[in-house]
Amino acid sequence: MRRRLLLLAPIAVAAWLLPYGLGGYTMHVVDVAVIFAVLAIGLGLTMGVAGQINLAQVAFFGIGAYTVAILTSRTGLGFWPAAVLAILASIAAGLLVGIPALRMQSHYLGIVTLGLALGFINWVTNAGIAGRAEGISDIPVPPLFGIDLSSGYLYYYLELAVFALVLVFALFVTRSPLGRRLRAMRDDDLAAGALGAEIPLLRMTAFVLSGLYGGVAGVLYAGLIRFVAPETFNIGNMFLLLAMVIIGGRASIVGCVIGALGLAFVREALLDVSAFAQLGYGIVVVLVVVFFPKGLAGLPAQVFRRKTGERPRLSPFVPYDEVPPADARSVLEIDQVTKRFKGLVALQDVSLSVPARQIRGIVGPNGSGKTTLFNVISGFYTATAGRVRLDGASVGGLAPYRLSLKGVARTFQNLRLFEDLTVRDNILVALDRTRTSWIWRYLALPWAVSRYERSLRGRADEVLHRFGLTEFADAIPRSLPYGIQRRVEIARAMASLPSLLLLDEPAAGLNGDEVGRLAEIVRSIRDSGVTVVVIEHNMGLVMSLCDHVTVLSGGRVIADGPPDEVAVDPRVVEAYLGDSMAAPTEREAEHEHADR
Ligand code: ADP
Ligand code: MG
């Protein structure tokens, strides 16, 4: 932190002194570059941090600038009141664009946002109120305590103040629980949902941020140029903005700023050959995407790949405190649940009841509906018929994040760690138990957010220590051996303090030692008062670990009882004939259908 401040101080001083050495025109170029930097931060937040493709950023920019232009020139409203309304208008546009993001993602979202951007250009080019192709040219100079903002030099200081504010806010958001959830959603929205992140609200938040930054940039632009015309907000500039963010490094706010400032100057230098310049940007963007996907911001890490002196080691698991058993109420009750996919019946009248502090095994041949059952319990699927009760309350139809907040945690058959988040951040996502509606605190009570973040970090250290993962805290999951990734996933699930833990084939891909340690961890989790349901193919583990076993076959429960009784049940033996229980794990690894 102190090092950062030391680095920041000379940059701030240089930024402050910059106008002293510049000619009038260069000053103007700098003023425009700063506006692009604000826009780029907004795009970086939506696209890089939250993973929402947004080609409408230039339209938010335009809505901000045009709203100021229209309100000041047509209604005679003062500049600043118009500016406030302009930012609100851009945010409203962000909300509007966010709605399709609730239903579609990736390239579909790209097409929809592009369509909205084109629609905006079309409208301003044709609407009389927006001055058609000629635009609006009588925007007043923003008044500010008698300071003459028609000077590009003085305007620069206004921009600098606004820029510092929006930069600090963006950095604050990305380093907060909200930013972490946005990044988690970008990496894997299903897993993020299962850990308590309210995906629809998060997507809207990403677009609101986009609108906010677009609006602020639009206001600054209107005040600086005092003239708006359609070509400023065209697709060419959207592409330039994209290039800025991609070249700078979309997931890094500082990278976006560097990309924006750098490219703004390059564009100015290449103004005489602008047709070739467009092509040049295109080529550079392609090269960056292929060779430096993290852009300039990722270069230092790519060049100075840290040499680790010693290989990090897994430490032993620290068992939880045992809680004395209470009454044997039933934590999970599944009552006549049926799940149909079009023609296929994945679950047929499945009923089972799991009492508190039990380790319940779910076994059955591949395709017998085990994962589907987990998906129904954790809210990914809604049962076609039947009821799921948690602690006696019906929870059918609740979204995964609500179930997570109610104490359901799960792991996934094919591991779903957040790949671009560190192990610590993976844990931190689960530790955050707030509803997303807590968001207003980011504006109203930022210090409360910081305090909360600090307490989460303290607890993350405890979780990492308990699961022996301290030395891996800053590693990226995919760099870790498979067995450790599995353990991270269990640690992450437990970080959400569940009362019911669902483990989908936790021993798949583990070696003998690791399976032994897994059993020890799961027993300790049960003894701490958590109910565990585990899908498992390793029959040795099932027999030694589970208190009670339910056998599924073809979507039906065919046996239910203590492990030693179930194992000799003739119906179970028959179900497994031809589906030998000896080596199911390799087969299961090939079994590639979606495990969500
Ligand atoms: P298991 O985990 O026991 O191997 P699953 O629950 O994954 O089995 O699958 C049960 C059946 O449901 C399989 O036939 C599978 O193809 C089908 N199934 C699972 N999910 C879907 C889905 N989203 N759409 C269509 N069929 C599905
Ligand atoms: Mg499965």
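Everything below is about the structure printed above this text.
Since the model is a prediction, treat every value here as computed from it, not as a measurement. (Residues numbered from 1 in each chain as written. Chains lettered and ligands numbered in written order. Predicted model: local features only at pLDDT ≥ 70, side-chain atom pairs only at ≥ 80, totals over all residues. Heavy atoms only, no water.)

**Digging into the coordination of the magnesium ion (ligand 2)**
And step 1. Only Thr371 (OG1) and Gln413 (OE1) from the protein coordinate the magnesium ion (ligand 2), and they sit 2.0 to 2.2 Å from it. Here Thr371 is found in helix α14 (residues 370-377), whereas its partner Gln413 is found in the loop between β6 (408-410) and α16 (423-431), with 42 residues between them in sequence. (Donors = N, O, S within 2.8 Å, 3.2 Å for Na, K, Ca; no water. Helix = DSSP H or I, 4+ residues; strand = E, 2+ residues; numbered from the N terminus.)

**Section: the side chain of Arg360**
And step 1. Looking at the element boundaries, Arg360 is found in strand β3 (residues 359-363).
And step 2. One polar contact links Arg360 to Gln358, side chain to side chain, over a distance of 3.1 Å.
And step 3. Excluding anything up to four places from it in sequence, Arg360 contacts Leu352, Ser353, Val354, Pro355, Val532, Val533, Val534, Cys546, His548, Val549, Thr550 and Asp560. (Polar contact = N/O pair within 3.5 Å; in protein donor to acceptor, adjacent residues only side chain to side chain. Contact = heavy atoms within 4.5 Å.)

**Notes on the pattern of salt bridges**
And step 1. One pass over the structure, following the stated rule, counts 20 salt bridges.
And step 2. The partner of Glu489 in a salt bridge is Arg492, and the shortest N-O contact between them spans 3.8 Å. Here Glu489 pairs with Arg492, and both are found in helix α19 (residues 482-495), just 3 residues apart, close to one helical turn. Arg492 carries the same exposure label as Glu489, and that label is buried.
And step 3. As a salt-bridge pair, Arg526 and Asp547 come within 2.9 Å of each other at their nearest N and O atoms. With Arg526 in helix α20 (residues 512-527) and Asp547 in the loop between α21 (539-545) and β9 (548-553), this residue pair connects regions lying 21 residues apart in the sequence.
And step 4. Three or more residues are tied together by salt bridges with common partners; here these are Arg180, Arg183, Asp425, Glu453 and Arg457. (Salt bridge = Lys/Arg side-chain N within 4 Å of Asp/Glu carboxyl O. Buried < 20%, exposed > 50% of the residue type's maximum accessible area, 1.4 Å probe, protein only.)

**Thoughts on the pairing of β9**
And step 1. Buried residues dominate β9, accounting for 5 of its 6 residues.
And step 2. In this sheet, β9 lies alongside β3 in parallel orientation, the contact comprising 4 bridges. Pairing of Arg360 across the sheet is with His548, part of β9.
And step 3. Direction of pairing for β9 relative to strand β10 (residues 556-561): antiparallel, over a ladder of 5 bridges. Bridge assignment links Ser553 to a residue of β10, and that residue is Arg556.
And step 4. From the end of β9 to the start of β10, which pair antiparallel, there are 2 residues, and Gly554 there has a positive phi angle of about 55°. (Pairing = 2+ DSSP bridges.)

**Considering the pairing of strand β4 (residues 385-390)**
And step 1. Summarising the sheet, strand β1 (residues 330-341) and β4 pair through 5 bridges and their orientation is antiparallel. Bridge assignment links Leu332 to a residue of β4, and that residue is Leu390.
And step 2. In this structure, the hairpin formed by β4 and strand β5 (residues 393-394) is closed by a connection of 2 residues, where Asp391 is found at a positive phi of approximately 50°.

**Section: the packing of aromatic side chains**
Each aromatic ring pair is described using two quantities: the centre-to-centre distance and the angle formed by the ring planes.
And step 1. In this structure the tally under the stated criterion is 16 aromatic pairs.
And step 2. Taking the centre distance of 5.4 Å and the plane angle of 75° together, the rings of Tyr156 and Tyr157 count as edge-to-face.
And step 3. According to the relative accessible area criterion, Tyr156 is buried, its value standing at 3%.
And step 4. Ring centres 6.4 Å apart and planes at 70° place the aromatic pair Tyr320 and Phe467 in the edge-to-face group. Residue Tyr320 is found in the loop between α13 (295-303) and β1, and its partner Phe467 is found in the loop between α18 (446-466) and α19; the two are separated by 147 residues along the sequence.
And step 5. Every member of this aromatic cluster is reached through a ring pair, and the members are Phe36, Phe61, Tyr66, Phe120, Tyr221 and Phe233. (Phe/Tyr/Trp six-rings, centres within 6.5 Å; stacked < 30°, edge-to-face > 60°.)

**Focus: helix α12 (residues 274-291)**
And step 1. Over its 18 residues, α12 extends 25 Å from the first C-alpha to the last, a length consistent with the 26 Å expected when each residue adds 1.5 Å.
And step 2. Within α12, burial applies to Ala277, Tyr281, Gly282, Val285 and Val288. Considered in projection along α12, the buried side chains sweep an arc of 145° and stay on one side of the axis. In α12, the exposed positions that point more than 90 degrees away from the buried face belong to Ala275, Phe276, Leu279, Val290 and Phe291. (Expected span 1.5 Å × (residues − 1). Arc of directions from axis to C-beta.)

**With respect to the sheet that holds β1**
And step 1. One open sheet accounts for 4 strands, arranged β2-β1-β4-β5; its pairing is antiparallel. Bordering the open sheet on either side are β2 (344-355) and β5, each of which pairs with just one other strand.

**What about the sheet that holds β3?**
And step 1. Taken in spatial order, the 6 strands make up an open sheet running β6-β7-β8-β3-β9-β10, and their pairing is mixed. On the outer flanks of this sheet lie β6 and β10, each paired with one strand and no other. For this sheet the average axis-to-axis angle between neighbouring strands, irrespective of direction, equals 20°.
And step 2. One ladder, built from 4 bridges, connects β3 with strand β8 (residues 531-535); its direction is parallel. Its bridge partner lying in β8, Ile359 is registered against Val532.
And step 3. Each of β3, β6, β7 (500-504), β8 and β9 touches α14; the most contacted strand, β7, lies at about 150° to it. (Axes fitted to C-alpha atoms, helices over the stretch in contact; angles between N-to-C directions.)

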